Amino acid sequence: MSSIKIESVVKEKNRMGECPVWEERENSLVYVDINSQKVCRWNSVTNEIQSVFVAAHVGSVALRKSGDYVIALGTSFAFLNWKNKAVVTISVQELDKPNNRFNDGKVDPQGNFFAGTMAEETAPGVRARRQGALYTLFPDCSVVKQLDHVDISNGLEWSLDHRTFFHIDSLAYAVRAYSYDEHTGRIGDCRTVYKMEKEEAMPDGMCIDVEGKLWVACIDGGRVIRIDPEKGRRIQTVKMPVSRITSCCFGGKDYSEMYVTSAYDGLNSSALAKEPQAGEIFKITGLGVKGIPQYYFAG
């Protein structure tokens, strides 16, 4: 295996950096800072960072085939016009749960946008349990609830043969697999493919490589782990320079680079002093495996 190199590429610190998406057409990494209520785009050629502030906590962003983005913010699905900085709401969920918000999201192989919700903390470390759900926004702008009674809906991914959907509910400390019907976009039977080890802490965002292996960001575990979902075991660990690792995606010219987001919210002053790069975005090279391009929302 070639030598792994980790470098900080986005120095602008994020309170809660999340949902990195490589946008090939812009040579850019798109991501959100949930707690700062903004969608960001870092140009890998010019090193410029652009941001659009939105009206609520924004959990996820994805690419649209027609250009621009689809986002999940507050408890709404919306389109984001980058040039005009305009947000157009498509659909609102969970009006009966004012303390909920959308979290991670991703587009499936058929161009549908999956995103899940979670309850916000009411005090440090205190939140109502099993208040979240997982939804799918279809290209015709209809919405279907796929899962209920979720704690913190997080990482999402699909197997290379498009027959399995992988999902993380963070407080279950596991990666689960569901049968997936690519014709209907619906998910079915569930099984656990990996249980987190104690030192790995809590699973957060996730992506897949060309070999069908899953990469899971470990928030408060300071690492990204590679999992074989067929054998249910960890096969690689990449330790990061900060503890609050939130998500990961492959990108770059040939998708051989991995981009990893992090957060500084949740760290006290002494922890921040020990982690001066907390909240930055890192690039990992030399992993010896490539990722696949992002799917585009078809609506």
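Going by the structure above, here's the rest.
In what follows, the accompanying structure is described.

## Some remarks on the overall build of the protein
- When its secondary structure is counted, the protein shows one helix and 24 strands.
- In summary, the protein has a C-alpha radius of gyration of 17 Å against a globular reference of 19 Å for 299 residues, a match within 12%.
- Reported as C-alpha extents along the three principal axes, the dimensions of the protein are approximately 45 × 45 × 40 Å.
- For the protein, buried positions account for 58% of its 299 residues.
- When contacts within the protein are restricted to residue pairs at least 6 apart in sequence, those whose partners lie at least 24 apart make up 48%.
- On the protein, roughly 12400 Å² of surface is accessible, and the fraction owed to carbon and sulfur atoms is 47%.
- Computed over 36 positive and 38 negative side-chain charges, the inter-centroid distance for the protein is 3 Å.

## A closer look at the environment of Ser-179
- Locating Ser-179 in the fold gives a position in strand E16 (residues 174-181).
- Placed 10 residues apart in sequence, Ser-179 and Asp-189 show a C-alpha to C-alpha distance of 5.4 Å.

## Looking at the pattern of salt bridges
- Tallied over the full model, the rule gives 17 salt bridges.
- For Glu-157, the salt bridge is made with Lys-106, and the minimal N-O distance between the two is 3.1 Å. In this pair, Glu-157 sits in strand E14 (residues 153-158) while Lys-106 sits in strand E10 (residues 100-107), placing the two residues 51 residues apart along the sequence.
- With relative accessibility at 6%, the residue Glu-157 sits in the buried group.
- In the salt-bridge network here, residues are joined through shared partners; they are Glu-7, Glu-257 and Lys-283.

## Structural notes on the nonpolar core
- Core analysis: the biggest nonpolar cluster contains 29 residues, and Trp-215 and Met-258 have the highest contact counts within it.
- Listed in part, the 19 residues of the second largest apolar core include Val-54, Leu-63, Leu-73 and Trp-82.

## Re the side chain of Lys-283
- Structurally, the position occupied by Lys-283 is in strand E24 (residues 281-285).
- Residue contacts for Lys-283: discarding those within four places in its chain leaves Lys-5, Ile-6, Glu-7, Val-9, Glu-257, Met-258 and Tyr-259.

## Some words on the pairing of strand E17 (residues 186-195)
- Pairing between E16 and E17: seven bridges, direction antiparallel. Among the inter-strand pairings, Ala-174 is bridged to a residue of E17, identified as Lys-195.
- Between E16 and E17, which pair antiparallel one after the other, the connecting turn spans four residues, and Gly-185 there sits at a positive phi close to 75 degrees.

## Re the sheet that holds strand E4 (residues 38-43)
- Read across the sheet, four strands follow the order E2-E3-E4-E5 without closing on themselves; strand pairing throughout is antiparallel. Strands with a single pairing partner mark the edges of an open sheet, and in this sheet they are strand E2 (17-23) and strand E5 (49-53). With direction set aside, neighbouring strand axes in the sheet form an average angle of 20 degrees.
- The sheet contact formed by E2 and strand E3 (residues 28-33) spans five bridges and is antiparallel. Note on E3: the bridge partner recorded for Trp-22 is Leu-29.

## Some details on the sheet that holds strand E19 (residues 214-219)
- A sheet is described by the order of its strands in space; here four strands give the open sequence E18-E19-E20-E21, paired in antiparallel fashion. At either margin of the open sheet sits one strand with a lone partner, and together these are strand E18 (202-208) and strand E21 (233-239). Looking at each pair of strands side by side, their axes are set apart by 30 degrees on average, direction ignored.
- As paired elements, strand E20 (residues 223-228) and E21 share six bridges and run antiparallel to each other.

## Topic: unusual backbone geometry
- Non-glycine residue Asn-47 carries a positive phi angle of around 70 degrees.
- Within the secondary structure, Asn-47 is located in the loop between E4 and E5.
- A positive phi angle, close to 55 degrees, is found at Arg-130, a residue other than glycine.
- Residue placement: Arg-130 occurs in the loop between strand E11 (113-119) and strand E12 (132-137).
- With relative accessibility at 46%, the residue Arg-130 sits in the partly exposed group.

Rules used in this analysis
Residues numbered from 1 in each chain as written. Predicted model: local features only at pLDDT ≥ 70, side-chain atom pairs only at ≥ 80, totals over all residues. Heavy atoms only, no water. Helix = DSSP H or I, 4+ residues; strand = E, 2+ residues; numbered from the N terminus. Rg over C-alpha atoms; globule rule 2.2 N^0.38 Å. Buried < 20%, exposed > 50% of the residue type's maximum accessible area, 1.4 Å probe, protein only. Contact = heavy atoms within 4.5 Å. Areas by Shrake-Rupley, 256 points an atom, 1.4 Å probe, with all protein chains shown as cover. Lys, Arg positive; Asp, Glu negative; His and termini not counted. Charge placed at Lys NZ, Arg CZ, Asp CG, Glu CD. Salt bridge = Lys/Arg side-chain N within 4 Å of Asp/Glu carboxyl O. Core = buried A, V, L, I, M, F, W, Y, C linked by side-chain atoms within 4.5 Å. Pairing = 2+ DSSP bridges. Axes fitted to C-alpha atoms, helices over the stretch in contact; angles between N-to-C directions.

These figures capture arrangement, not role.
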